[in-house]
2 protein chains.
Amino acid sequence: MSEKINRQWLLAARPEGMLNDGNFKQTETPIPEPGEGEFLAKTIYVGVEPAMRGQMLPQSAYAQVMQIGDVIRAGGVSQIIKSNHPDFAVGDMIQCSPGFQEYMVSDGKMVSKLPDGLNAEAVLSVFGGTGFTAYYGMVETGEVKEGDTVLISGAAGAVGNIAGQIAKIKGASKVVGLAGTDEKCKWLIDEIGFDAAINYKDDDYADQIRAAFPDGMNVFFDNVGGEILDVALNNLALNARVVICGGISRYNKDHKVPGPENYFNLVYKRARMEGFIIVDNLHRAQEFSDAMTPWLEDGSLKYQVDIIEGFENLPNGLMRLFTGANKGKQLIKVNDPI
Amino acid sequence: MSEKINRQWLLAARPEGMLNDGNFKQTETPIPEPGEGEFLAKTIYVGVEPAMRGQMLPQSAYAQVMQIGDVIRAGGVSQIIKSNHPDFAVGDMIQCSPGFQEYMVSDGKMVSKLPDGLNAEAVLSVFGGTGFTAYYGMVETGEVKEGDTVLISGAAGAVGNIAGQIAKIKGASKVVGLAGTDEKCKWLIDEIGFDAAINYKDDDYADQIRAAFPDGMNVFFDNVGGEILDVALNNLALNARVVICGGISRYNKDHKVPGPENYFNLVYKRARMEGFIIVDNLHRAQEFSDAMTPWLEDGSLKYQVDIIEGFENLPNGLMRLFTGANKGKQLIKVNDPI
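Residues numbered from 1 in each chain as written. Chains lettered and ligands numbered in written order. Predicted model: local features only at pLDDT ≥ 70, side-chain atom pairs only at ≥ 80, totals over all residues. Heavy atoms only, no water.

### Topic: the interface of chain A and chain B
This is how it is decided: When checking whether two residues touch, look at their non-hydrogen atoms; a contact exists if any pair is within 4.5 Å. Two parts placed together each lose some accessible area under a 1.4 Å probe, and adding up what both lose gives the buried area. A pair is scored as a salt bridge if a Lys or Arg side-chain nitrogen falls within 4 Å of a carboxyl oxygen belonging to Asp or Glu. Side-chain atoms alone can form a polar contact between residues adjacent in sequence; in general such a contact is a pair of N or O atoms within 3.5 Å, and within protein one must be able to donate a hydrogen while the other accepts it. Where helices and strands are cited, they refer to DSSP runs of H or I of at least four residues and of E of at least two residues respectively, numbered from the N terminus.
Between chain A and chain B, the residue contacts involve 33 residues of the former and 33 residues of the latter. Ranking the residues of chain A by area buried against chain B places A:E261, A:Y263 and A:R270 at the top, with a combined share of 24%. Where chain A meets chain B, there are two salt bridges. For B:R270, the salt bridge identified is with A:D280, shortest N-O distance 2.5 Å. Linking chain A to chain B there are five residue pairs in polar contact (both at pLDDT 80 or more). Taken together, the elements giving at least two residues each to the side of chain A that touches chain B come down to α8 (248-251), α9 (265-268) and β13 (272-275) of chain A. Examining the composition of the side of chain A that touches chain B, we find that four residues originate from one element, β13(A), more than from any other.

If you want it as structure tokens, here you go:
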């Protein structure tokens, strides 16, 4: 890699069905020069999330869409290597939106320095949109409380595993995760502290869910949608909360996906199904951080990252989310820090 | 009618598809004699509601099911004609569960005298499960507030028309009703005070809904389900509340009905969809009555009843609900009071 070249991944074509290599195109541009009041930062980590696919579509219900030829937008951690900005010095690690490229120039807006004592992995998995999503969804939308039984779909994903840990910390009596391999299920139980885990590819996974919740579940935290949501709706306890955090089973489909046939169980069980988007609540970032910091410090909350290496692998990192390859937050390490 | 004969309608066969005459069977038994601490009451009005079909099925998610040969269970108003009960005198009008029959004996449990100054029609349409459902659903589940825009499906029905009136009383800026005939739509606007009404049988009803809510609706109060729910989910305002009160489009179907494809708009709109059943809240009946009584007295809330006459017409009264024939609470007047 020449020191004067900024490699980038651009949006080459909008996705139809599963993301594939054809959606991405690599290019090179000169490394930009920071002007007065700006700095140049080198990308260290990029974090990817399923919602990025939606931003690649021609329209999005809530996020700004990318245009063909744009650098793929993504959050991450960068390190400042040149600075004309009074508040940022060379060597500072920052949480920012580097996108799928090696260098960026910024005026410091929407950028924050990494808190003391926290490494980039912890910040990207817990103290960013991912961890805040898990916290807000489980605590505020899901209203999890002592003694609750909880089911989480996509439990081995970035948000799901944290949501499950938070449920345990809040006193849930039983936290069950759904994941797509037996190995992930074992990991959820042995490493993350879930009480049980079910492989949703098992033929009898619906029976396993029913057996795990003989009195129904108090909270269902859904990252997946589709048939799994319907099965959960058939196993609600009275006054259950169904938290719609994501619907990854829907994201790679461009045709209409059937809705939850069993929604009317919301009546029979006097239950509610509620959606949220964390961007509405980012003004409360400090509050979320304050709530989770002691859990991280006392070891009750463990952050989980799945790191692959190399600028070349940025698209692969994103595509891993949709094949269910990742455990925990998917990061791509683009460069080593100074 | 002999004075010694109690005519009854029994459950002859469990419903499959639309209710029809074959589900009901007329029989005659002797008029029962009240024992010590009991009274005999003559049925004046029977009130019917869509949920009764569910109680005729082999299993119900929340109500006690009827058995083949049982008298069809239904609420209503009766008048006491013989009494061995210290608290009830001949001539007293009572709110009770007479069922589809002309006479009943009771020990006074689950029975209340009609409040002073309220006639049977007002009690059965506003101060019973029907009115309480409208109140609880719109005020507590729907959290309607000043300035909200509100859509109600099944708006000309017993619950729907009251829910709409309550929304207006609570300061909603726009209340729109869905009904199945132009005549009902006109009635909702001219007589009930809805701001607008849309005939859901119009080919372009979805466009009409979109046009009526250019900024989306704050509350959707659903009595119908099916495609109408999906259209509403496509037209939510941010933080909207979708109140699942009923799903009459589903009740006559024994096959699986598709779920709402657009449920994921709950995420995009940070909205919630919630079910409730009024039987959970009947201990709060006095509170609901206290809230609604002044509205009835000052004329801001008008009760609406649709009365057909005659014991013979009890099944027809119930079946009218599913053909959409009724406007307001469907009552069957079985006898005149003394």
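Past the structure itself, the notes keep going.
### Considering the domain arrangement of chain A
Where interface size is quoted, it is often the accessible area lost as the parts come together. Residues and elements named next belong to chain A. For clarity, the cut-off: Either an automatic procedure or a domain database provided the assignment from which the domain bounds are taken.
Domain annotation of chain A identifies domain 1 (5-125 + 303-333) and domain 2 (129-279). The straight-line distance from the C-alpha centre of domain 1 to that of domain 2 is 28 Å. With 19 residues of domain 1 at the contact, the number on the domain 2 side is 17 residues. Summing both sides of the interface, domain 1 and domain 2 together bury roughly 1500 Å²; the carbon and sulfur share of this comes to 52%. Our count for the domain 1 to domain 2 interface comes out at one salt bridge. Taking the shortest distance from any N to any O, the salt bridge between E183 and K327 comes out at 2.8 Å. Linking domain 1 to domain 2 there are six residue pairs in polar contact (both at pLDDT 80 or more). Secondary structure elements with two or more residues in the side of domain 1 that touches domain 2: α2 (120-125) and α11 (314-323).

### Topic: the packing of aromatic side chains
Quick note on the threshold: Between the rings of Phe, Tyr and Trp (Trp by its six-membered ring), a pair exists once the centres lie within 6.5 Å; its type follows the angle of the planes, with under 30 degrees stacked, over 60 edge-to-face, and the other angles tilted. For a ring to carry a charge above it, either NZ of a lysine or CZ of an arginine must fall within 6 Å of the ring centroid while also lying within 35 degrees of the normal to the ring plane.
Applying the stated criterion across every chain yields a total of 18 aromatic pairs over all chains. With a centroid separation of 5.4 Å and an interplanar angle of 80°, the aromatic rings of B:F264 and B:Y268 are classed as edge-to-face. Grouping aromatic residues by their ring pairs yields a cluster made of A:F132, A:Y135, A:Y136, A:F276, A:F288 and A:W295. In this structure, A:K113 packs its charged tip against the face of A:F88, placed 5.4 Å from the ring centre.

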